[in-house]
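# Topology and contacts: notes
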Amino acid sequence: MVRRNNIVANVDWITIFLWTLLVVFGWMNIYSANIMNGDGSVIDFSQRYGKQFIWIGVSVLLIVIIFILDAKLFSFFAYLLYGLMILMLIAVFLFGKEINGARSWFAIGGFQFQPSEFAKPFTALALARLLSSHGFTLKDLRSLILAGIIIFTPALLILIQPDMGSTMVYFAFLLVLYREGFSQNIMILGASLAILFILTLLIDNSIIILAIWLIGLILFRIFSEPKKVFLGMLIPGAAIFGIVFLGNLLLEKNLAVYTISLISFIAICFVILIISLRARNPGMLKILAGMFIAVLFVISVDYAMNNILKEHQQQRIYVTLGMEDDPQGVGYNVNQSKIAIGSGGFSGKGFLNGTQTKLQFVPEQSTDFIFCTVGEEWGFLGTALVVILFVILITRLVLLAERQRSHFSRIFGYGLISVLLVHFIVNIGMTIGLLPVIGIPLPFFSYGGSSMLAFTLFLFVFLKLDSNRLELLR
Amino acid sequence: MNFYDNRRYVFIVFTILFGLVFIVRLFLLQVVDTSYKVSAENNSQSHVVMYPARGLIYDRNGELLVSNQAAYDIMVVPNNVRQFDTTEFCSILGITQEGLLERMNRAKDYSWRVRSVFMKQVSFDVAAVLQEKMFKYPGFSLQSRTLRKYSRPVASHILGYIGEVDKGILENNEYYAMGDYIGVIGIEKSYEEVLRGEKGLKIYLKDVHNRIIGSYEEGKYDRPVKVGKNMTISLDADLQEYGEQLMQKFVGSIVAIEPSSGEILSMVSSPTVDPNLLVGRNLGETIRRLSADTLNPLFNRALMAQYPPGSTFKTINALVGLQERVIRNQTSYYCDYGYYYRGIHVGCHSHKAPLDLIGGIQHSCNTYFCNVFRRIMENPAYANTEEAFNHWRNHIMSFGFGEKLGSDFTNELKGNIPTAAYYDRYYTSGHWNFLTIISMAIGQGELLITPLQMANMTATIANRGWYYIPHLATGIEGDMDIDTKYLEKNMTTIDSAYYSPIVEGMALAVNGGPGSTARIARIPDITVCGKTGTAQNPHGEDHSIFIAFAPKDDPKIALAVYVENEGFGGTWAAPIASLMIEKYLTDNIKRTWLEQYVRRGNTKKEQEETNE
C-alpha cells in the first residue's frame, strides 16, 4: 500500500506524459501510412496499425510489471540479463530467420522478435553495474577494457548479422563513459577525426596533407619556445617540397601530386623529429605525433572507403555529402523522403491526406522513414513538434539522471539518454538528408514490436529507478 | 557528488543544438523551399511494358503455319482500386458479382501492389468498350497479348503451343513476369528465345491525378521493343496433313525425313489434336481433358514412344555382319519354319529356302538372321561373347540408337541398347551368349527404339552410310543461324559398299515376286525400298512397322511408320508409308483404292469393339 503510493507520488509524470504523446502520435502516423491496405478498422490485426496497437498494449503491461518489481532487482540481475541477451544474439544465428540478407530476427508463431533491440537496455544495465561497482575507475586500463568488452561484444555480434545501423548505436555508450569521467581529450579527438573523415572525402587528399602540415606548423609556432624554430621549419619544409617536386619533373617519374605531398611530408617529419629531439621539447613531439596520426587516418579512410565499405554504403555517404546525385538508386530513399516532408508545407496536407505516403513513394515508411508521414501530413508544425518533444524528453531525462543518488541509476539513465539521442539524431537527420541512410527506428514512433517494447522497457526501468531514488543509495 | 557533474550540460546543449539544427532545416525544407511541393505532385511513374509480336513460323514451301492474333488481358493493382460501379463493370465483362469478388480476392492474395491478371483474354469488343470507360475504374488496365493462330489444324506436336509461365519459370528467369506466355512444348519451346523477341519498356511520368505528363527522363530508361524473329521449318504442310488423315483411325506415328539433309518432312503422332484448341482462355481446361484421355493425344509418340524395332532391325544386323566379315552376300541358310538350337526355337513364316542375304531381307527370314547374329556374337576374332557384343554395340550406336539424336525437340527419348554390363549383372559375367539374347537378332528383346531413330536409320541406309541429325528448323530471320551440328555428316561404322545388298533386299521386298513381304507398298514407276516389321507386344496385339525410302537411287524421302496393335507390318504400316511416299513424290494419289482401304481402317476390329 505504502509502496504504491510512493510510486504514484514519486514517478515522473512529465516523462510518462511525453511517452504517451509520442506513442499515440506515432501510432496515428502508422495508421495513416498503412490505411489503404485494409478497411480501416483500428483493431485490424492483419495491418500494421493493428499490430502496433497490440504492441502498445503489451508495453503498458510491461510497464505495470516493471513497477511491481523491486527496484533493486534490476541492478542485481544486470549481469545475468546481459548474459542472457548475449546468448540470444548468438542464438539468432542458429535459429533466426534470414530476412533481406541478414539474420536478425526470431520468428515464433506469427510474431517476429529482434534481439538486437533488447540488447540496448540490457547493455546499459550491465554497463551501469560495472561502472558503479566498488573500486571502479575509468583511469584504470583494465576497467576500461572491461567496459569496452561490455559495450562492443553485442555490437560485434550485431555487426555480423549483418546490421550496420544497429551496430552504430553502440557508440552511444561511449557518451556514457564520457559522463562518468572518460577523458575529454579523447572525445575531442573523436570529433576531430569525424570532421577529418568528411573533409577527406570532400577534398583532394594532397590538399589535406598540406593543411595538416600547415596546422602542425601553426601549433608549433604557438607552443614552441624558440620562435625561430618556426622559421626553421617553414623554410626547410618548403625547400624539401620543392626538391621533391622538381625531382619528379626532372626524373620524369610522373608521380601524382598526392604522392609528392606524401613524400615531402615524410621527409619533413624526419627533419622535425630530429629538431624536436635536439630541442628536447616534448610538446613538439606530441604535435608531431598528432600530425602523423592525422595523415595515417587520411590514408586509411581512403583505403576503407574504397576497399572495405560495400558499394551501396559508399554511395550513401557520397549522396549525403552531395557528391553524387543518384535519384533512382541509393539517393532514391532520401530524395523521396525529402519530397514527402518538403511537400507538407507549413501545416501539412492533413491527417490521412498524404499523397506521397498513400502512393507508397517513400520506402520503409512505417519504420525508418515514419517521420516523412509526419512531415507530409502535419507539415512544419508537426515535424517541429516531434523534434521539440524529443528534445524535451531527453533534457528531462538528463535532469532526472542527475538527481539520482545511486551511481547505478544515473549511469543507466545516461545509457538511456545516449541511446535515445543517437536514434533521434540519426533517424531524423537521415530523413531530412543531413546524414547518410542508416536504418534505425525512431523510438516510440516507428512501427515495430521489438523496438517499442525494448525502448519502453528502457525508459520505464529508469523511471522506476527514479521513483525509488530516495531509497537507492548505491 | 561527482566531479563530472557539469558534463550534463554538454548533453543538454548537444541535444538542444541538434534540435535547433533540425528545426531550421525543416523550416527551410518545408516552408521556404517550394520545389518539393512541385516534385511531389509530379512524382508518380508509370511503367508500361510493351509486348512484341511473336515470330511467325513457315513451312518448307513458304506457307504460313503459325501466326498471331491479338487478345487482351484485364490487369489489376488491388491497392489502386477505388469504389466503382460494379454493376456496369460486371455487365461489360459478362461476369457476376460473385465472379468479380472472387477474382479480386485472387488478385489480392497474389499481391496488393503488383499487377496481376484479373481476367484473361477478353474479346476485342469487350476490350474496346472497357478501354473507353477505363477512367471509371482506377486500378484496372488492359494488357494486350498475342495469341497464336494456326492456319491448318495439323502438326500440334511439332509446333507445340504457348501457355502462361508458372512459378518455377518465374523464379528462375527474370525476363518473365506473371501472366506472360512462354512456349511449352515443340518448336514454340525449342525456339522460345528466337520467337519471343524482347519486351520493351516505356516509363511515363504521371501527376498526382494519374494523368500522363510525359516521358520520364526523356526516355533515357526506356527499352525498345524487339519483335520476335520469324522462322522456317522443314515441315511439308501438305504431307503432314495427309499423314494425319491416314492415321486417323490408328494409334502410332509416322516420321519422314529428307535423307540428303536430315530435314524432317513430317512427324505425325496419332491420336493428335487440332492446335487451335490449344489456344486461348480454355487452354488449361483443354489440357486437363486431354491428359485424362486414355489414348494420350498430347503424347508425342514419334519422339517419346519406345518400341522394339522388330524385323526392320534385321537390316542393321546384316550390316554389322558384313562389316565384321562374318557373313557375305552369298552366305545362305536353310530355314524350316524356324530356327532351332539347343532347345531354343525362333519361329519363321513359310518361304522358299535356302536364302542368301538379299533373299533373307526380301523375305524377312528369322532363321537367317538368328544365324547371322550368332556369327557376330561368336566371331573368332574376339576373345569372348562380351567383346564381340561390345563391338556389335559400337556399330549399333553409330546409327544414333541408344542416345538422344540431338534434334531440335526438347523431349526426345533415348531408346535402349543394352550393354554387356547389363547382361553381366543379370546373368553374371561369362554366363550368357548369343542364345541368351537371340531375340535381338530379329529386333526384339531389350531393344527399344523411337520412331525418330527408326526414320533416321532409314535415312542412313538410303544415304548408304551416313546421316544428318534430324531437325526441323531450317532458317531463322536475321543474323541467327541454326545450330551447326545439323550441318555435320555423321558417319556410321559400316563401309558404304556394304549397304548395297541391304538396299537391294529392301527393293526386292517391295518390288520382288511372291513372298516379298511388302508388295502392297509397290508404286508403279517408282522404286520404293522398304522393310516390314512386326513387333511383339506383351500387352496386346503386335505392332505393325514399316520403314521405306524412295526412290532407290537418289532418295528424296525416308520414313518410318508405326501402327500400334495392328498385327503384321505389311497390313497397315506398309500401305500408309507407301501412300506418304506417293503423295510426296508425285503430289497425287493414283491408288485411291489403297487410300480408301487405309482410311476405312480396321473395320473388323471396330466391329469387334462395338459388339463388346
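The structure displayed is predicted, hence computed values, not measured ones.

## Quick notes on the pairing of strand 4 (residues 116-122) of chain B
All names here are of chain B. In terms of burial, strand 4 is largely enclosed, as six of its seven residues are buried. Of the strand pairs in this sheet, strand 3 (residues 64-76) and strand 4 are connected by four bridges, and their pairing is antiparallel. Within strand 4, the residue paired with Tyr-72 across the bridge is Val-122.

## Section: the packing of aromatic side chains
All names here are of chain A. Following the criterion strictly, the structure yields 53 aromatic pairs over all chains and no others. Between Trp-27 and Tyr-31, the ring centres sit 5.4 Å apart and the planes meet at 25°, which makes this aromatic pair stacked. One end of the pair, Trp-27, and the other, Tyr-31, are both in helix 2 (residues 13-34), four residues apart, so they sit about a helical turn from each other. Residue Trp-27 is classed as buried on the basis of its relative accessible area, which comes to 15%. Judged by its relative accessible area of 12%, Tyr-31 falls in the buried class. Geometrically, the ring pair formed by Phe-106 and Phe-113 is stacked, given 5.8 Å between the ring centres and 20° between the ring planes. Judged by its relative accessible area of 25%, Phe-113 is partly exposed.

## Describing the packing of helix 13 (residues 314-323) of chain B against helix 15 (residues 366-377) of chain B
The geometry of a pair of packed helices is captured by two quantities: the angle between their axes and the separation between those axes. Residue and element names in this part refer to chain B. Running from N to C, helix 13 and helix 15 point in directions that differ by 40°, and their axes come no closer than 10 Å. Classified by the angle their axes make, helix 13 and helix 15 are oblique. The way helix 13 lies across helix 15 gives a crossing that is left-handed. Residues Lys-314, Asn-317, Ala-318, Val-320 and Gly-321 of helix 13 form the contact with helix 15, whose own contacting residues are Asn-366, Phe-369, Val-372, Phe-373 and Ile-376. A per-class count over the contact of helix 13 with helix 15 returns six nonpolar, three polar and one charged.

## Observations regarding the sheet that holds strand 3 (residues 111-113) of chain A
All names here are of chain A. In spatial order, the strands read 1-2-3; together these three strands make up an open sheet with antiparallel pairing. Lying at the two open borders of the sheet, with one neighbouring strand each, are strand 1 (97-99) and strand 3. Geometrically, the sheet is characterised by an average inter-axis angle of 50° between neighbouring strands, direction not taken into account. Alignment of strand 1 against strand 2 (residues 102-108), held across two bridges, turns out to be antiparallel. Bridging from a neighbouring strand, Ile-99 pairs with Ala-102 of strand 2. Contacts from helix 5 (residues 78-95) reach strand 1, strand 2 and strand 3 within the one sheet, and its direction differs from that of strand 2 by about 85°.

## Remarks on the sheet that holds strand 18 (residues 529-535) of chain B
Hydrogen bonds between backbone groups are what pair the strands of a sheet, and the pairing can be parallel or antiparallel. All names here are of chain B. Spatially, 12-11-20-19-18 is the arrangement adopted by the five strands of the open sheet, whose pairing is antiparallel. The open sheet has two free edges, formed respectively by strand 12 (263-270) and strand 18, since each of these has just one partner strand. With strand direction ignored, the average angle separating the axes of adjacent strands in the sheet is 10°. Looking at chain direction, strand 11 (residues 252-258) and strand 20 (residues 557-563) are connected through six bridges and run antiparallel.

## Some points on helix 21 (residues 592-600) of chain B
All names here are of chain B. By the burial criterion, the buried members of helix 21 are Leu-594, Glu-595 and Val-598. Viewed end-on, helix 21 has its buried residues packed into an arc of 100°, placing them on one side of the element. Those residues of helix 21 that are exposed and angled more than 90 degrees off the buried face are Trp-593, Gln-596 and Arg-600. A positive backbone phi angle near 80° is found at Gly-601, which sits one or two residues after helix 21.

Thresholds, definitions, all that
- Residues numbered from 1 in each chain as written.
- Chains lettered and ligands numbered in written order.
- Predicted model: local features only at pLDDT ≥ 70, side-chain atom pairs only at ≥ 80, totals over all residues.
- Heavy atoms only, no water.
- Buried < 20%, exposed > 50% of the residue type's maximum accessible area, 1.4 Å probe, protein only.
- Helix = DSSP H or I, 4+ residues; strand = E, 2+ residues; numbered from the N terminus.
- Pairing = 2+ DSSP bridges.
- Phe/Tyr/Trp six-rings, centres within 6.5 Å; stacked < 30°, edge-to-face > 60°.
- Axes fitted to C-alpha atoms, helices over the stretch in contact; angles between N-to-C directions.
- Parallel < 35°, antiparallel > 145°, perpendicular 65-115°, else oblique.
- Left-handed = near helix turned anticlockwise from the far one by under 90°.
- Contact = heavy atoms within 4.5 Å.
- Nonpolar A, V, L, I, M, F, W, Y, C, P; charged D, E, K, R; others polar.
- Arc of directions from axis to C-beta.

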